[in-house]
Amino acid sequence: MHLPDTDLVVPQRPTIPTPGQPGDFDFLQGEWRIRHWRKPSPDADWDHFEGEATCWSILGGIGSVEELRIPARQFSGLGLRLLDVERRRWSDHWVNAKSGVVTAPGLEGSFENGVGLFVSEEEENGRPLLAAGIWDRISREGCRWRQAVSRDGGTTWTHNWVMHWRRA
């Protein structure tokens, strides 16, 4: 099965990120149906499945909570996005319901020209790895989230998860 998207470009990280503001994630509030495309490994074909989410803003817009459910896979998790009010930077964390552990430090980033770019610097087998979460195609009726990794400092990126969100 092939992914229908052809515009999977990871935006450049800004030299000076736009300061985050309370409410930046308010577009996510509500009930969603989500079409997932995931690559379990770089050489695998895309896997397609359906899911749903409930999202809400907390703490006057400096937090956003997402409860993700994928019933067919008996999978659930929680996205937690928090604005560091002093630094004006967002961090995006994930909690898999099977472990209950919050990812730390999370992907850090901002919204630039209507696109949210959140990146973390990690290690994989002792080598540097960049992981990116990108929110784009944001409208009242839907949005897209995608995940990509780079093993060469951000020169090239490989997408391994794409989610098409549509209002329930």
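Here the structure is a predicted model, which is why all the values come from computation and not from measurement. (Residues numbered from 1 in each chain as written. Predicted model: local features only at pLDDT ≥ 70, side-chain atom pairs only at ≥ 80, totals over all residues. Heavy atoms only, no water.)

Re the environment of Glu108
Along the chain, Glu108 turns up in strand β6 (residues 107-112). Residue classification places Glu108 among the partly exposed positions, given a relative accessible area of 29%. Placed 25 residues apart in sequence, Glu108 and Leu83 show a C-alpha to C-alpha distance of 9.6 Å. Beyond its immediate stretch of four places on either side in the chain, Glu108 contacts Arg87, Arg89, Trp90, Ser91, Leu117, Phe118 and Val119. At 2.9 Å, the side chain of Glu108 forms a polar contact with the side chain of Arg87. (Helix = DSSP H or I, 4+ residues; strand = E, 2+ residues; numbered from the N terminus. Buried < 20%, exposed > 50% of the residue type's maximum accessible area, 1.4 Å probe, protein only. Contact = heavy atoms within 4.5 Å. Polar contact = N/O pair within 3.5 Å; in protein donor to acceptor, adjacent residues only side chain to side chain.)

Structural notes on the nonpolar core
Counting residues in each nonpolar core, the largest one holds 21 residues, and the members touching the most others are Phe25, Leu28, Trp32, Trp135 and Trp165. Elements represented by at least two residues in this core include exactly β1 (30-38), β2 (47-58), β3 (63-70), β6, β9 (142-150) and β10 (158-167). Once you skip the residues sitting within four places of it in the chain, Leu28 turns out to touch Cys55, Ser64, Arg81, Trp135, Cys143, Trp165 and Arg167. Val10, Leu117, Leu130 and Ala148 belong to the second largest nonpolar core, which has seven residues in total. (Core = buried A, V, L, I, M, F, W, Y, C linked by side-chain atoms within 4.5 Å.)

Regarding the layout of surface pockets
Each pocket or cavity is described by its volume, and for the largest pocket that value is around 870 Å³. Surrounding the largest pocket, 36 residues form its lining, Trp94, Leu107, Trp145, Gln147 and Trp161 being those nearest its centre. Of all elements in the fold, only β3, β4 (75-84), β5 (89-96), β7 (115-124), β8 (127-136), β9 and β10 reach the threshold of two or more residues within the lining of the largest pocket. In terms of residue count, the dominant contributor to the lining of the largest pocket is β10 (six residues). (1 Å grid on protein atoms, 1.4 Å probe; cavity = no way out; pocket = protein on both sides within 12 Å on 5 of 7 lines; lining within 4 Å. Points joined across faces, edges and corners; volume = space filled by probe spheres on them.)

Quick look at the pairing of β2
Every regular strand shows the same layout, with side chains that alternate between the two sheet faces. Where β1 lies against β2, nine bridges are found, and the strand directions are antiparallel. Note on β2: the bridge partner recorded for Glu31 is Thr54. Alignment of β2 against β3, held across seven bridges, turns out to be antiparallel. In the strand pairing of β3, Ala53 is matched with Leu68. Joining the antiparallel neighbours β2 and β3 is a turn of four residues, in which Leu59 adopts a positive phi near 55°. (Pairing = 2+ DSSP bridges.)

Side note on the packing of aromatic side chains
Using the criterion set out here, one finds twelve aromatic pairs in the structure. Seen in terms of ring centroids, Phe27 and Phe111 are 6.1 Å apart; in terms of plane orientation they differ by 85°. Their pairing is edge-to-face. One end of the pair, Phe27, is in the segment before β1; the other, Phe111, is in strand β6, with 84 residues separating them in the sequence. Phe27 sits in the buried class, given a relative accessible area of 14%. Put simply, the rings of Phe25, Phe27, Trp32, Trp90, Phe111, Phe118, Trp135 and Trp165 pair up and form one aromatic cluster. (Phe/Tyr/Trp six-rings, centres within 6.5 Å; stacked < 30°, edge-to-face > 60°.)

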